[in-house]
Structures are given as C-alpha cells and as structure tokens.
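Spelled out from the first residue to the last, the chains are:
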Amino acid sequence: MKKILIKNIKELIQVVDDNRLKTSGKSMAELKTIPEAYLLINGDKIANYGSMVEYNAETHADDYDQIIDASNRMVFPAFVDSHTHLVYAASREIEYIDKIKGLSYEEIAKRGGGILNSAKRIAEISEEQLFYQSFQRLKDIIAMGTGAVEIKSGYGLSLKSEIKMLKVIQRLKEESPLTIKSTFLGAHAVPLEYRGRQEDYVKLVVEEMIPAVGEAKLADYVDVFCDKGFFTVDQTARILSAAKAYGMIPKIHANELDYSGGIEVGVANNALSVDHLEYTGEKEIRNLLASNTMPTLLPGAAFFLGMVYAPARKMISAGLPIALASDFNPGSSPSGNMQLIAAMGSILFKMLPEEVIHATTINTAYAMGVSTMLGSISKGKIANIIITKPMPTYHYWTYSYGDNKVETMILNGEIIDERSLKR
Ligand code: NIG
Ligand code: FE
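Read on for a plain summary of the structure. (Residues numbered from 1 in each chain as written. Chains lettered and ligands numbered in written order. Predicted model: local features only at pLDDT ≥ 70, side-chain atom pairs only at ≥ 80, totals over all residues. Heavy atoms only, no water.)

Let's shift gears to the overall build of the protein. Across its full length, the protein carries 16 helices and 16 strands. Here the C-alpha atoms of the protein give a radius of gyration of 21 Å, agreeing with the 22 Å that 2.2 N^0.38 yields for 423 residues. Its C-alpha atoms give the protein principal-axis dimensions of about 75 × 45 × 45 Å. In the protein, the share of contacts with a sequence separation of at least 24, taken over all contacts with a separation of at least 6, comes to 74%. Positive and negative side-chain charges in the protein, numbering 46 and 51 respectively, have mean positions lying 2 Å apart. (Helix = DSSP H or I, 4+ residues; strand = E, 2+ residues; numbered from the N terminus. Rg over C-alpha atoms; globule rule 2.2 N^0.38 Å. Contact = heavy atoms within 4.5 Å. Lys, Arg positive; Asp, Glu negative; His and termini not counted. Charge placed at Lys NZ, Arg CZ, Asp CG, Glu CD.)

Printed below as a string of structure tokens:
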C-alpha cells in the first residue's frame, strides 16, 4: 500500500478524535487544530497525525513512497458538498437576464422557464454528452477542494429522462475519484404535459418512477421540492413512503419559498437532511431539535436569487447543527465552489470560520450519510485532503472569497493531477 507523509504542516485543521458524526450548537465554534503537524496516509486512509515535535521524537521506518513538505501550508479535510444538481444539460443565463430585470424565481417557473427549461434540454441530450459535461464539472469542483458530492436527478421529469440522469450519476460514481451519492428528485416540478393535473404526475412518480429507480438501485436517497407552488406536504409524504419501500432515505427541499411544512414532513419521515430553510421559525426549530435530521443551508441560492437568508445564528444558538452546501445548479446557484459557499457562511450568515468549517465538512458528510468515513481528519477515515496554498491563519479560509486557496488535492490517498482526471 502506498504511504505518503505530509510534514511541516503549518496547521492541521478539523481534527476529530471523538468519533462524533456531526457537530451541533455551541460546539460548532470549537475547532481542533494541530500547529506544526504531520499527517500520514496509508493506502486510501488517514493512518496517523500529530505534531512535528512528536514525530521527530519517535523512530520511523521511513518507508514512504512520497514525502510532501507542507511548510507555510495548511491541511484541511476536503469539502463535502451534500446538495447539488450538477448533472444538467445547459446553463440558463437567459433567465438570469429576466431575473436582473425583476422577474421572480416563481414567475420564471410559471412561464415554463426554470426547472422545465432544464427538463427540455435533458430530453434532447444524449447520455454520453450529459456524462461528459457533468464529468468536466466534477473536475472543476475537485480543483476547488471538494472530495465528496451528492447529485440529484430532477431535470428529467419523465421516466426515461430521470433514468438517463441517474445512469449518468451512476457512471460518475464509477469513473470519478469523488465519493458520490445519488438522489431521485422526480418531484422537482410538474412537467408541462401535466399542467393542471399535478396529482396524475405524483401518481407517475409513485407508481412508475420510484419502482423503476428502486429496482435498478439507481438512487441512494429521495428528494421532493416541498414548497409553495411546487409539491404539497401530503404529496411529499406519499412520495417518501413509496421510496422508503426501496430503501431510499429522504433529503428534502423545504421552506425555501414559504413556511411550507417541508421541514415537519421531512423530520416525520426521518429525513437525513432538510435543505434551504429560509423560512424557519420557532416551531420548525423545535421540530428539528427533536430529530436526527441535518438542517442544511444553501447560501448560494439565496444570494443568487436575492431571497431572505436562513436564520443560521438563531438555529445555532438553539443548539442545532448546520450544514452548508452549494446547491450547484443552472437556475439558482450556478457555482459548485465550496470555498465561496464557506465565505458566504461568514458574510451572509455571520458564522465564525470554525462554525463554517464544521458546516462544510463533518456536517455535510452527515447530511449525505458518509460521516463515518469522511468530513474530518480522523484516523481510519478516507484520505480526502486539501493542502492549501500558503495561508496566514485558518480564518483566512472564509475571509478570502475570490481566489482558489487549494494547492493540492488528495482523494482516496491519491494525489490528483490532470492525468488522473483525463477524459
Ligand atoms: O435547489 N429549489 C429547487 N430546486 C433547485 C433549483 C433548480 C433550478 O432552478 O433549476 C434549488 O434551488
Ligand atoms: Fe436544490
């Protein structure tokens, strides 16, 4: 097995040695780091870490395949991005112009733009082309520090196109070094041909799409856009229970446009996460506190659409954990850059850098069901590691929002270079 030693690390960030699966409330402001550190990778796992003083005091076999000197550089666990729609066929900057001129997200959707526009493009594109485009996006997010990503369907809105998207995600799982989870989001919008017959579309999702997706084992999770103008609480509950029969755990789009009841129906169905949450009040907070569901905020979408911001500080003060994901998609968050999302956590949500680091690593890992193996520097976890460019302090991580601060990415214990991502 290949052994890599990273030595002279200026500061090793987000060390977790207590087996926790998420970080909540006040603890989010506490971050364990080791100044002047080393990290040892054995095969695809983190084998050991500690301070250089300790390292120098011990005797070592020195049988490393590679030694990296990380002087002036920091080491972070790679970002985990637990909410994206990065398999899509075309960007939608045309609607962006409408948006600039003042149309709302809901108005654009009503005119057949938005998600329906993306669905039209998915119907037209070949699986091969869709794979190729999506693979390029994966390369881009790796270069920005992401090591694991959840990807949703939901731009298909027909059995054939939803399967096309999920097959592409399946192939991305097989061919990219990222850890990927797939989510079936057939109930993302009502397609044009079902206008005025929303119940018939829900029936299609429940009776045809879910069995087909479930039997082909094409999705780990199930999602519904449970919000004003999209799907109701009752429809959401029916879709979630149909998906449960195939082992698909819920991750819900909730409370983005209104107090939609999405949080409650997610919690009632043991959702792994409920996402967006701009409209979260006392009742929703109490509901979440009594659950194992990860509240996930998507600042990119609220920023891009000019919407209200989720009450992150209130949620943390109440003792909740918070995850921050990109929502990378062509309509409401056209970026998968988690460094930017991290900065937005501090700028828009007033989260401390320490809180943001938990929110973009261990808590997003929890939100995509992988926090036993990813999301922190812990012995035995998968070696998904960022070596930064020279950085003054770790606070700089959420302060500097324009530049790529990643110098080297290691995924599954392998250094990522252009060759390993060839396609
Ligand atoms: O998470 N809110 C619903 N769905 C996506 C937007 C999808 C789109 O506009 O294409 C979101 O923001
Ligand atoms: Fe989304």
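Estimates place the volume of the largest pocket at around 330 Å³. Lining the largest pocket are 17 residues, and of these Ala-109, Lys-110, Arg-195, Gly-229 and Phe-230 lie nearest its centre. Mapped by element, the contributors of at least two residues to the lining of the largest pocket are helix H3 (105-110) and helix H4 (115-124). Sorting elements by how many residues they give to the lining of the largest pocket places H3 first, with four residues. Partitioned by chemical class, the residues of the lining of the largest pocket number eight nonpolar, five polar and four charged. Taken as a whole, the second largest pocket spans an internal volume of roughly 180 Å³. Lining the second largest pocket are Lys-139, Asp-140, Ile-142, Ala-143, Val-406, Glu-407, Thr-408, Met-409, Ile-416, Asp-417, Glu-418 and Leu-421. (1 Å grid on protein atoms, 1.4 Å probe; cavity = no way out; pocket = protein on both sides within 12 Å on 5 of 7 lines; lining within 4 Å. Points joined across faces, edges and corners; volume = space filled by probe spheres on them. Nonpolar A, V, L, I, M, F, W, Y, C, P; charged D, E, K, R; others polar.)

Right, let's talk about the site of ligand 1 for a bit. Near ligand 1, the surroundings consist of 15 residues, among which Arg-92, Tyr-155, His-188, Asp-327 and Ser-332 are the closest. A distance of 3.0 Å separates an oxygen atom of ligand 1 from a polar side-chain atom of His-276. Calculation on ligand 1 without its partners gives an accessible area of 320 Å², and the protein chains cover 100% of this total. In a pocket analysis with a 2 Å cut-off to the grid points, ligand 1 is assigned to the largest cavity. Within the shell around ligand 1, the residues separate by chemical class into four nonpolar, eight polar and three charged. (Near = heavy atom within 4 Å. Polar contact = N/O pair within 3.5 Å; in protein donor to acceptor, adjacent residues only side chain to side chain. Areas by Shrake-Rupley, 256 points an atom, 1.4 Å probe, with all protein chains shown as cover. Sits in = over half its atoms within 2 Å of the grid points.)

Our focus in this paragraph is the packing of helix H13 (residues 338-349) against helix H14 (residues 353-360). One can describe the packing of H13 onto H14 by two numbers: an axis separation of 9 Å at closest approach and a directional angle of 135 degrees. Classified by the interaxial angle, the pair formed by H13 and H14 is oblique. In this structure, H13 meets H14 at a crossing whose hand is right-handed. Contacts from Met-338, Ala-342, Gly-345 and Ser-346 in H13 reach Pro-353, Val-356 and Thr-360 in H14. Its residues placed into classes, the contact of H13 with H14 shows four nonpolar, three polar and no charged. (Axes fitted to C-alpha atoms, helices over the stretch in contact; angles between N-to-C directions. Parallel < 35°, antiparallel > 145°, perpendicular 65-115°, else oblique. Left-handed = near helix turned anticlockwise from the far one by under 90°.)

Our next topic: the coordination of the iron ion (ligand 2). Note on the iron ion (ligand 2): its protein donors are His-83 (NE2), His-85 (NE2), His-253 (NE2) and Asp-327 (OD). The metal-donor distances range over 2.1 to 2.3 Å. For the iron ion (ligand 2), the single-chain donor residues occur in sequence as H-x1-H-x167-H-x73-D. Taken together, the residues His-253 in strand E10 (residues 249-254) and Asp-327 in the loop between strand E13 (323-324) and H13 connect sequence positions 74 residues apart. The burial state of His-253 is the same as that of Asp-327; both residues are buried. (Donors = N, O, S within 2.8 Å, 3.2 Å for Na, K, Ca; no water. Buried < 20%, exposed > 50% of the residue type's maximum accessible area, 1.4 Å probe, protein only.)

For the coordinates displayed, the defined rule picks out two cavities of 30 Å³ or more. Its volume calculated, the largest cavity comes out at about 90 Å³. What lines the largest cavity is a set of 14 residues, among which His-85, Tyr-105, His-188, Asn-329 and Ser-332 lie closest to the centre. Across the lining of the largest cavity, the residue classes tally to four nonpolar, seven polar and three charged. Computed from the structure, the second largest cavity encloses a volume of approximately 60 Å³. Lining the second largest cavity are 13 residues, and of these Ala-78, Val-80, Leu-374, Gly-375 and Asn-384 sit closest to its centre. Elements that contribute at least two residues to the lining of the second largest cavity include exactly strand E6 (79-81) and strand E7 (146-152). Across the lining of the second largest cavity, the residue classes break down as eight nonpolar, four polar and one charged. Each of two domains, domain 1 (3-76 + 377-420) and domain 2 (80-367), supplies a minimum of three residues to the lining of the second largest cavity. (Domains from an automatic or database assignment.)

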